[in-house]
Amino acid sequence: MGTRRPPVVVVVVAVVAAAVLGLAALAVPGLVTPADPTSTSPDPATPVAANGSLHVCGVNLCNEHDTPIQLRGMSTHGTQWYARCVNDASLDTLADDWNADVLRISTYVQEGGYETDPERFTDLVDTYIDMLTARGMYAIVDWHLLDPGDPTVNLERARTFFTAVAERHGDQDNIIYEVANEPNGVSWQTVKNYHEQIVPVIREHAPDAVVLLGTPGWSSFGVSDGSDESEVVNDPVDASNVMYTFHFYAASHGQEYLDALSRAADQVPVFITEFGTQDYAGEGADDFARSQQYLDLAAEKKISWVNWNFSDDHRSGAVFTEGTCSGGSYGTGSLKEAGRWIRDRIRTPDDF
């Protein structure tokens, strides 16, 4: 990701004329001093400093300079299970060693998540946003509906949640809202209707924020439900500054999914808000070759992405070995094979 270099240090070199040794005064090539008009500023220190407020332009995510960009980073696991893995030490590692641009905060609605204690989980999102903001990173606020797959079941909860988050953070440049993780088992018309009800809730307090919209078939543009991207492309949500989400798991989702992603990304703005190098359950053997095909396509088309997941869960899709988050050390020695692979790709220099 974007190289974070320390400020230029001006080195003062004393040149000694060593007459006893009969040496000429030594020249110091390339020395940069404050008076040197050719000196250049270091790269911006953080992703938010480099890009500012984001918006959708055409089929791309663009920064405040109208330049298409690609964000790369990680997704938390469910915060009801793995809140211990998101702390100052782990986020310092993610920001300063991995050079990540973004963290997706996954708030499960069910499975012991938001519905059990709305205030607690909303406060947790606020805390994580503050921690990411302090590090100059972008935050994706993920409403992680999964089962039931019909987002309208949780519409009123979503209204309450996004109202609370947007009221507090709506004036910030670094917040992206993902309103439906993986709709499934319902039609695009049902999903679209949900989106067109929830986007205005966010817009009331965050009028300029980018909003990410889940797609049918577990955010596969319908491929996992036997359809394809044409439903979404031909009948988009009636809202501006929005993008459509795509998820893939390389060991399960082959060429058909890759082709659908490629076609969709030429026609609508796409953000890969979740992917794994394993099977669709986030476990099993890694398929790095197929994963790289997806990431090569994403780089070519400037599709932003986040990887699942930033935890020490026992499954192969979690980047840390079991017990890491209790121990508090997040160095490369604590990474699983998939963690090492994804860290290397997140660290690749940005093209902002």
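Here the structure is a predicted model, which is why all the values come from computation and not from measurement.

Procedures and definitions
- Residues numbered from 1 in each chain as written.
- Predicted model: local features only at pLDDT ≥ 70, side-chain atom pairs only at ≥ 80, totals over all residues.
- Heavy atoms only, no water.
- pLDDT = per-residue confidence, 0-100.
- Contact = heavy atoms within 4.5 Å.
- Buried < 20%, exposed > 50% of the residue type's maximum accessible area, 1.4 Å probe, protein only.
- Helix = DSSP H or I, 4+ residues; strand = E, 2+ residues; numbered from the N terminus.
- Right-handed = clockwise from strand over helix to strand, strands pointing away.
- Pairing = 2+ DSSP bridges.
- 1 Å grid on protein atoms, 1.4 Å probe; cavity = no way out; pocket = protein on both sides within 12 Å on 5 of 7 lines; lining within 4 Å.
- Points joined across faces, edges and corners; volume = space filled by probe spheres on them.
- Nonpolar A, V, L, I, M, F, W, Y, C, P; charged D, E, K, R; others polar.
- Disulfide = S-S within 2.5 Å.
- Axes fitted to C-alpha atoms, helices over the stretch in contact; angles between N-to-C directions.

> Sorry if this is basic, but what is going on with the confidence of the model for the protein chain here?
The predicted coordinates ought not to be read in detail in places where the model reports low pLDDT. On average, residues of the protein chain carry a pLDDT of 89, and 88% of them reach 70 or more. This model gives residues 1–43 a pLDDT under 50, and the stretch forms 39 contacts once residues within four places in sequence are excluded.

> Would you take a moment to explain the pairing of strand β5 (residues 138–144) for this structure?
Among the seven residues of β5, seven are classified as buried, and the element is accordingly described as predominantly covered. Covered by surrounding structure in β5 are Y138, I140, D142 and H144 together with A139, V141 and W143, the residues of both alternating faces. The parallel pair strand β4 (residues 102–108) and β5 is bridged by helix α4 (residues 118–134), and the resulting crossover is right-handed. Across four bridges, the pairing between β5 and strand β6 (residues 175–178) is parallel. Residue pairing for β6: I140 is matched across the bridge by I176. Traced from β5 through helix α5 (residues 155–169) to β6, the parallel crossover comes out right-handed.

> Would you explain empty space enclosed by the protein in this entry?
Leftover empty space is mapped by rolling, across the atoms, a probe with the size of a water molecule. Taken as a whole, this structure holds one cavity of 30 Å³ or more when the rule is applied. A volume near 40 Å³ is recorded for the largest cavity. Around the largest cavity, the lining residues are V59, N60, L61, M243, A265, V270, K301, K302 and I303. A per-class count over the lining of the largest cavity returns six nonpolar, one polar and two charged.

> Just checking my understanding: could you explain the state of the cysteines for this structure?
Scanning all chains against the criterion turns up two disulfides. Between C85 and C325 runs a disulfide, and the two sulfur atoms are separated by 2.1 Å. Its S-S torsion of approximately 110° makes the covalent link between C85 and C325 right-handed. One end of the pair, C85, is in the loop between α2 (79–82) and α3 (88–97); the other, C325, is in helix α11 (residues 324–327), and 240 residues separate them in sequence. Overall, C85 belongs to the buried group, its relative accessible area being 0%. Using a relative accessible area of 8% as the deciding quantity, one classes C325 as buried. When the cysteines engaged in disulfides are numbered in sequence order, the protein chain pairs them as 1-2, 3-4.

> Any chance you could explain the sheet that holds strand β7 (residues 211–213) here in plain terms?
If you walk around this closed barrel you meet the eight strands as β3-β4-β5-β6-β7-β8-β9-β10, and the pairing is parallel. Across the sheet, the mean angle from the axis of one strand to that of its neighbour is 25°, orientation sign disregarded. Sheet topology note: the strand β8 (residues 242–249)/strand β9 (residues 270–276) ladder contains five bridges and is parallel. Counterpart to Y249 in the pairing with β9 is G276. Relative to the sheet, helix α6 (residues 188–203) contacts β5, β6, β7 and β8, its axis offset from that of β7 by approximately 170°.

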